[in-house]
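Residue strings, one per chain:
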Amino acid sequence: MVRTRTTTRKAAVHATAIAAASALALSACGGGGTAASADAAPVATDRDIELSLVWWGDDDRASRYQEAVTLFEEKYPNIDVQTQFQAWDDYWTARSTEAAGQTLPDVFQMDLAYIHQYASNNRLLDLSTQVGVNLETGEYDETLLGSGSVDGGQYGIPTSTNTLGMIHHDDLLEELGVEAPEAGLTWDEYDAWIREVSAAGADHDPQVYGGTDYTGTLWLFIQWLLQQGKDAFAEDGSPAFEKADLVAWVERSQPMRDDGVFYPVERAKQVEPLTGLQVNEATTELTWDNMMAGYAASAGTDNVGLLPVPTGAEGSQQFWKPSMLLSSSATTEEPDAAAKLIDFLVNDPEVGKIFGTSKGVPAVPAQKDAMEVAEGSVDDTIVSYEEEVAERVTAETPIPVEGYGVVEAEFKRLGEELSYGNITAEEFADQWFQSAGSNLGGE
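Rules of the game
- Residues numbered from 1 in each chain as written.
- Predicted model: local features only at pLDDT ≥ 70, side-chain atom pairs only at ≥ 80, totals over all residues.
- Heavy atoms only, no water.
- Buried < 20%, exposed > 50% of the residue type's maximum accessible area, 1.4 Å probe, protein only.
- Helix = DSSP H or I, 4+ residues; strand = E, 2+ residues; numbered from the N terminus.
- Pairing = 2+ DSSP bridges.
- Right-handed = clockwise from strand over helix to strand, strands pointing away.
- Phe/Tyr/Trp six-rings, centres within 6.5 Å; stacked < 30°, edge-to-face > 60°.
- Lys NZ or Arg CZ within 6 Å of the ring centre and 35° of its normal.
- Salt bridge = Lys/Arg side-chain N within 4 Å of Asp/Glu carboxyl O.
- Core = buried A, V, L, I, M, F, W, Y, C linked by side-chain atoms within 4.5 Å.
- Contact = heavy atoms within 4.5 Å.

Asker: Looking at this model, I keep getting lost on the pairing of strand β1 (residues 49-56). Mind explaining?
Answerer: On a regular strand, one side chain projects to one face of the sheet and the next to the other, so that they alternate. In terms of burial, β1 is a largely internal element, 7 of the 8 residues being buried. Taken together, the 8 bridges between β1 and strand β2 (residues 79-86) define a ladder with parallel strand orientation. Note on β2: the bridge partner recorded for L53 is T83. For the crossover that starts at β1, traverses helix α2 (residues 59-75) and ends in the parallel β2, the hand is right-handed. Sheet topology note: the β1/strand β3 (residues 107-110) ladder contains 2 bridges and is parallel. Among the inter-strand pairings, L53 is bridged to a residue of β3, identified as V107.

What follows is the structure, encoded as structure tokens:
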């Protein structure tokens, strides 16, 4: 856990992501969260206010948040914002522990995977009470804003949009004398390309690999399912695919693990929260396009590119997704100030300049227009990618169901066990469906 400022909150208790998520489920009160104050009022300026702001990310994101917070505190000198950030897994472990104790931060990053769980467990502030008072949402696309709505309440405000893509590290590829991959590769062609790069990088110091094992990423499996013409979840929240589909996904990349072609899981765990690409030891990563800015900063180069994800039987079938949202605790003592901080972070043009595309392409036009996008820059690459890939975005956003965060964490854990050689494809599928049976489904 890394802190950017002294925080007054107790340190999170370390536990596994699944155990912590279970604690959240057990603490459910039922129904959506409600505002700490039913009647919102303009944020107070006549008294000192302290807010906590927490996010997941790396040092690059932390420096941008800190710069934005400094501007906010200059505009509202009576408000002091205490900040903290963590890597993804540690972040949700800490939030789940806080949710169980009703001590969530005043403002914190929320992911689409968790918003239904936290909102339905009465843990989030209904920000709809703040709209028109301390929070403006008039510039939002209604569909995008709706991604933060649960049972009629507004529990998250999207900061930006993104879609999946393939980041490629062109400095490393040039060193190895290997051409960058091309758009339109099938999954099998991508695997063959990874093999080529890993063979070329075998004698490099340090050794370089073509890519990391993507099997344990649930969003990539969902993307692959869509490319097979199948949905991930049924209307009641249960899996809409068969065990055979999951086994097929896991087995298709098993030869890559058997032959040591993927970036080694042992090394991946050593460099966390960074990735193989960020430490200049892997040439591609399948991830959300907004991650490119942080990846480039960590790798120390702007010579990176973005391509669409590999294609399947039904084509690319890519989809837009809010890269993240901002939420507030249902128990915050400062709902008006919390809403004002969220408003500042998602609407202020200067914040758009600070973050650029590092959290995705800004959701609000004023922030997108304010970005200083230099030709050939990482921001330019991301904006251009989203414009070019738009024709491939043919699928509706698969909105995660309640309990998604738990089964996503289990999917990742099983992916690591698979990489270590501790389980088979059948065991992966059996264990994941067992978790899904306990955490997903109807009311």
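Asker: Would you mind showing me how to read the packing of aromatic side chains here?
Answerer: Aromatic ring pairs are defined here through the distance separating the ring centres and the angle between the ring planes. The full count for this structure, using the stated rule, is 36 aromatic pairs. Seen from their ring centres, W187 and W249 are 5.5 Å apart, and the 85° between their planes marks the pair as edge-to-face. Of this pair, W187 sits in helix α7 (residues 187-200) while W249 sits in helix α9 (residues 243-252), placing them 62 residues apart in sequence. Grouping residues by exposure puts W187 and W249 together as buried. Seen from their ring centres, Y209 and Y263 are 5.8 Å apart, and the 80° between their planes marks the pair as edge-to-face. Of this pair, Y209 sits in the loop between α7 and α8 (218-227) while Y263 sits in the loop between α10 (254-258) and α11 (265-271), and the two are 54 residues apart along the sequence. Here Y209 and Y263 have matching classes, each one buried. When the ring centre of Y91 is taken as reference, the NZ or CZ atom of R95 above it lies at 4.6 Å.

Asker: Is there a simple way to explain the pattern of salt bridges in this structure?
Answerer: Opposite charge on two side chains lets them pair, provided their charged atoms get close. This model, assessed by the stated rule, comprises 18 salt bridges. Its salt-bridge partner being K243, residue E426 comes within 2.8 Å of it at the nearest N-O pair. Placement of E426 in helix α18 (residues 425-439) and of K243 in helix α9 is noted, with a sequence separation of 183 residues between them. Among the residues examined, E426 registers a relative accessible area of 38% and is labelled partly exposed.

Asker: Quick question: what am I supposed to make of the sheet that holds β2 here?
Answerer: Sheets are built from strands that pair by backbone hydrogen bonding, the pairs being arranged parallel or antiparallel. Within the open sheet, the 6 strands sit side by side as β2-β1-β3-β10-β6-β11. Their pairing is mixed. At either end of the open sheet lies a strand with only one pairing partner, and these are β2 and β11 (361-362).

Asker: Explain the nonpolar core here, please?
Answerer: A general trend in soluble globular proteins is that nonpolar side chains are found buried together. Among the nonpolar cores identified, the biggest contains 69 residues, and M110, F221, L246 and W249 are the most heavily contacted of them. Apart from residues lying up to four places away in sequence, M110 is in contact with W56, W92, I115, Y118, L124, M324, L325 and S327. If you look at the next biggest cluster of nonpolar residues, it comprises 36 residues, including A68, V69, I157 and I342.

In short, shape yes, function no, at least from these values alone.
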